[in-house]
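Structural overview for review
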Number of protein chains: 2
Amino acid sequence: MPSISDELKTAMADAAADVEKVMALLLPDKGLAEQRLFDAMRYGALGGGKRLRPFLLISAARLFGVAEKSSCRTAAAIEFVHCYSLIHDDLPAMDNSDLRRARPTVHKAFDDATAVLAGDALLTYAFEILADPQTHEDPNVRCNLVAALARAAGANGMVGGQMLDLVAETSPLDIGAITRLQRMKTGELIAFSCEAGAILGKAAPPQRHALRAYAHDLGLAFQIIDDLLDAESSEEKTGKSVGRDEQAGKATFVSILGAGRARAQANLLAQQAARHLNIFDGRARHLEQVARFVVEREF
Amino acid sequence: MPSISDELKTAMADAAADVEKVMALLLPDKGLAEQRLFDAMRYGALGGGKRLRPFLLISAARLFGVAEKSSCRTAAAIEFVHCYSLIHDDLPAMDNSDLRRARPTVHKAFDDATAVLAGDALLTYAFEILADPQTHEDPNVRCNLVAALARAAGANGMVGGQMLDLVAETSPLDIGAITRLQRMKTGELIAFSCEAGAILGKAAPPQRHALRAYAHDLGLAFQIIDDLLDAESSEEKTGKSVGRDEQAGKATFVSILGAGRARAQANLLAQQAARHLNIFDGRARHLEQVARFVVEREF
């Protein structure tokens, strides 16, 4: 397989730079007594990362000619939710991770209480941003974004998936249960990232559904590769604590399928993801490229 | 002073029963693998409590003839946010409280990780409820509710106040700083409870502002009484861990003003709160009664 194309690399870097500019503006340095909270929010949200979800959103939104301000603000909200979930997930009560993006995690750099609050504040802020008329002029669109993000991030989505992950430590899962867990834990927010582009652009239902289907397959492929990286990689390569699944005795795609079949499954899902985009007649090239290269994970 | 009137008692009990019915319907017993999460959400949200914020919202909404379904759903959302804040506040990393509403706190009854997730899920759910067309037919109203709740609950409101509370453990506060802390930590959500009634009822700005002003004074009076209770009371009476402020060496209204002046200040604020309601020509009787009796805190 070819290495990730320069075009995709550039497009992802551009989108990341755009959204980080908006994120930094949304998290100002205020110098108030509670500055420590804002510092922790900035540390947890502005510390790099692949910005995959913003890229998916911005690429999907471009299919419908959405204004850049709308997609960048929505991308920032999604990324704040992603970052909040990492901050809480890394807490001693949860995964107890010391390292994230090659730096100390938020509770290590600050303290546990500040990390809890910084996560809470980022999550809350995401909804404030989406409900703001600056994000989109149509209040129906804004309400749809809020409702869809809440569904993706809440008890029936990401948080529910994290709960399943905890439950999995004591009761082993089969492949169906792991698939459901991962669809909830990471798949729903990735699906929202694509779907939000369709919501912003008031896309027709078939296009919206195609993007959701694409994102679901992509999310699962992404997660399988994550499990492979966790099983095979080193902290230097991934920039975060690794080998935790194995230590915890957790069932993963890799532990059940084995590395070879897991990789084959990820490839299959990535191809399937790209096929959902046929409806866009080649205009969704960046999203197609992401599907092709997510299984290589060089970004 | 007279004991709390039977009328107010009945009205508060009715409102609490109405909103708890809605809250229970919104948190169904699903029997899924992640049921533990829903159990913890139900335990943390349906375990009683005064339901003061729902009562304020329902009373304010009645001034503008808001449909009961709208106000009950909005009240449930506010109470979910209040309950999430208690769950996270009680965590070992924060206040480390074992007792709340005369029962073990959520992390004691379940575990720390489940408590973090249950709080996250309740917060997220609140926004999903507000953005749902069932809450109000006008998407502008729903967006206003989401944005105002996020501002009240986020880094510039409740969560910021909790951060200030942590900072206060190491750097003593003066009366101005404590007032700001309490306005953020508890005042903003109480203010939103009243303001949301005006938003739902599309009230004119002077009425909306009157309700905010009422709620701000009420919230401060409420907090001063809370400090007095913490300093003077027993766990049996309050149903939660007490004496923590003193143990932590935290400055409170009571430690700075003394019990007598603190009580006088609370009375003054309660009177001032009630006067903001003059604009409603006696139609806001329940809210007036709350202001009068909040300083007695028999409910």
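Residues numbered from 1 in each chain as written. Chains lettered and ligands numbered in written order. Predicted model: local features only at pLDDT ≥ 70, side-chain atom pairs only at ≥ 80, totals over all residues. Heavy atoms only, no water.

1. Examining the overall build of chain A
For the record, the criterion: A helix here means a DSSP run of H or I that spans at least four residues, while a strand means a run of E at least two residues long, and both kinds are numbered starting from the N terminus. The atom set for the radius of gyration is the C-alpha atoms, and the globule formula is 2.2 Å times the number of residues raised to the power 0.38. Exposed residues in this analysis have more than 50% of their type's maximum accessible area, buried residues have under 20%, and partly exposed residues fall in between, with area computed by a 1.4 Å probe over protein chains only. Between two residues, a contact is recorded if the distance between any of their heavy atoms is within 4.5 Å.
Check the secondary structure of chain A and you find 15 helices and two strands. Relative to the globule expectation of 19 Å for 299 residues, the C-alpha radius of gyration of chain A, 18 Å, shows essentially globular dimensions. For the C-alpha atoms alone, the extent of chain A along its principal axes is close to 55 × 50 × 35 Å. Buried positions account for 60% of the 299 residues belonging to chain A. Intrachain contacts of chain A at a sequence separation of at least 6 include 74% that bridge at least 24 residues.

2. As for the interface of chain A and chain B
How we decide: Values labelled buried area give the accessible surface lost by two parts on being combined, using a 1.4 Å probe and summing over both. Put simply, a salt bridge is a Lys or Arg side-chain nitrogen that is within 4 Å of an Asp or Glu carboxyl oxygen. Whenever a nitrogen or oxygen atom comes within 3.5 Å of another N or O atom, the pair is scored as a polar contact, on the condition that within protein one atom can donate a hydrogen and the other can accept it, and that pairs from neighbouring residues in sequence are kept only if both atoms are in side chains.
Taken residue by residue, the interface counts 46 residues in chain A and 46 residues in chain B. Summing both sides of the interface, chain A and chain B together bury roughly 3800 Å²; the carbon and sulfur share of this comes to 74%. Where chain A meets chain B, there are two salt bridges. At the surface where chain A touches chain B, the tally comes to four residue pairs in polar contact (both at pLDDT 80 or more). By residue number, the principal contributor to the side of chain A that touches chain B is helix H6 (residues 112-131) of chain A, which donates twelve residues.

3. Structural notes on helix H8 (residues 158-168) of chain A
In terms of residue burial, H8 of chain A counts as a mostly covered element, since ten of its eleven residues are buried. Within the span of H8 of chain A, buried status applies to Met 158, Val 159, Gly 160, Gly 161, Gln 162, Met 163, Leu 164, Asp 165, Leu 166 and Ala 168 of chain A.

4. Examining the packing of helix H1 (residues 6-26) of chain A against helix H3 (residues 52-62) of chain A
Residue and element names in this part refer to chain A. What counts is decided by this rule: Structural elements are reduced to axes, namely lines fitted to C-alpha atoms, with helices fitted over the stretch in contact, and the angle between N-to-C directions of any two is expressed from 0 to 180 degrees. Reported orientations rely on four angle classes, namely roughly parallel under 35 degrees, roughly antiparallel over 145, roughly perpendicular from 65 to 115, and oblique for the rest. Residue classes follow a fixed rule: Ala, Val, Leu, Ile, Met, Phe, Trp, Tyr, Cys and Pro count as nonpolar, while Asp, Glu, Lys and Arg count as charged, and any other residue, Gly among them, counts as polar.
For the pair H1 and H3, interaxial distance at closest approach is 9 Å and the crossing angle is 100°. In this view, H1 runs roughly perpendicular relative to H3, as classed from their interaxial angle. Contact residues: Leu 8, Ala 11, Met 12, Ala 15 and Val 19 in H1; Leu 52, Pro 54, Phe 55 and Ile 58 in H3. The residue inventory of the contact of H1 with H3, partitioned by class, reads nine nonpolar, no polar and no charged.

5. Re the pattern of salt bridges
All names here are of chain A. Taken as a whole and judged by the stated rule, the model has 25 salt bridges over all chains. Across the pair Arg 285 and Glu 7 runs a salt bridge whose closest N-O atoms are separated by 2.4 Å. In this pair, Arg 285 is assigned in helix H15 (residues 285-294) and Glu 7 in helix H1, connecting sequence segments 278 residues apart. Of the residues examined, Arg 285 reaches a relative accessible area of 42% and is grouped as partly exposed.

6. So, the relation of the copies chain A and chain B
To be explicit about the condition: All copies are superposed by least squares; the fitting set is the C-alpha atoms of residues with a pLDDT of at least 70 in both.
Take chain A, turn it by 180°, move it 0.0 Å along the axis, and it overlays chain B with an RMSD of 0.0 Å. Read as a symmetry element, the transformation amounts to a two-fold axis. Relative to the rotation axis, the C-alpha of Pro 139 of chain A is the closest in chain A, positioned 2.7 Å from it. Interface overlap between copies: 100% of the residues of chain A at the interface are likewise at the interface in chain B, consistent with a symmetric, same-surface contact.

7. Some points on the state of the cysteines
When the sulfur atoms of two cysteines share a covalent bond, that bond is a disulfide. As a reminder of what qualifies: Only a pair of cysteine sulfur atoms within 2.5 Å counts as a disulfide in this structure description.
As enumerated under the stated definition, the model contains zero disulfides over all chains in all. With no disulfide partner, Cys 83 of chain A has as its closest neighbouring cysteine sulfur the one in Cys 72 of chain A, 15 Å distant. Residue Cys 143 of chain B stays outside any disulfide, its sulfur separated by 3.5 Å from that of Cys 143 of chain A, the closest cysteine.

8. Quick notes on the nonpolar core
In plain terms, the rule: Throughout, nonpolar core names a set of buried Ala, Val, Leu, Ile, Met, Phe, Trp, Tyr and Cys residues whose side chains join them through atoms within 4.5 Å.
Membership of the largest hydrophobic core comes to 216 residues, with the highest contact counts inside it found for Met 41, Leu 211 and Tyr 214 of chain A together with Met 41, Leu 211 and Tyr 214 of chain B. Apart from residues no more than four positions distant in its own chain, Leu 211 of chain B is found in contact with Ala 60, Leu 63, Phe 64, Cys 194, Ala 198, Leu 277, Phe 280 and Leu 287 of chain B.

9. Considerations on the environment of Cys 194 of chain B
Residues and elements named next belong to chain B. Here Cys 194 shows up in helix H9 (residues 175-200). Among the residues examined, Cys 194 registers a relative accessible area of 0% and is labelled buried. Expressed as a C-alpha distance, the spacing of Cys 194 and Ile 175, which sit 19 residues apart in the sequence, is 25 Å. What Cys 194 contacts, discounting residues up to four positions off in sequence, is Leu 56, Ala 60, Leu 211, Tyr 214 and Ala 215.

10. Quick notes on the packing of aromatic side chains
Defined as follows: For this analysis, a ring pair means two rings from Phe, Tyr or Trp (six-membered ring only for Trp) whose centres lie within 6.5 Å, classed as stacked if their planes differ by under 30 degrees, edge-to-face if by over 60, and tilted for the remaining angles.
Summed over the entire model, instances satisfying the criterion amount to seven aromatic pairs over all chains. Relative to Phe 127 of chain B, the ring of Phe 127 of chain A has its centre 4.5 Å away and its plane inclined at 20°; by these criteria the two rings are stacked. One end of the pair, Phe 127 of chain A, is in helix H6; the other, Phe 127 of chain B, is in helix H6 (residues 112-131), on a second chain. Phe 127 of chain B matches Phe 127 of chain A in its accessibility class, with the two residues each being buried.

11. Some points on helix H4 (residues 68-89) of chain B
Owing to its 3.6 residues per turn, the α-helix brings residues three or four apart onto one side. Formally: Helices are assigned an expected span. That span is 1.5 Å times one less than the residue count.
Between the first and last C-alpha of H4 of chain B there are 31 Å, a value that for 22 residues agrees with the 32 Å anticipated at 1.5 Å per step. The buried fraction of H4 of chain B is high, at 20 of 22 residues.

12. Thoughts on the confidence of the model for chain A
How we decide: Confidence of the predictor at the level of single residues is given by pLDDT, which spans 0 to 100.
Here chain A averages 91 in pLDDT, and 93% of its residues register 70 or above. Both scores are given for the predicted complex: the pTM is 0.93, the ipTM 0.93.

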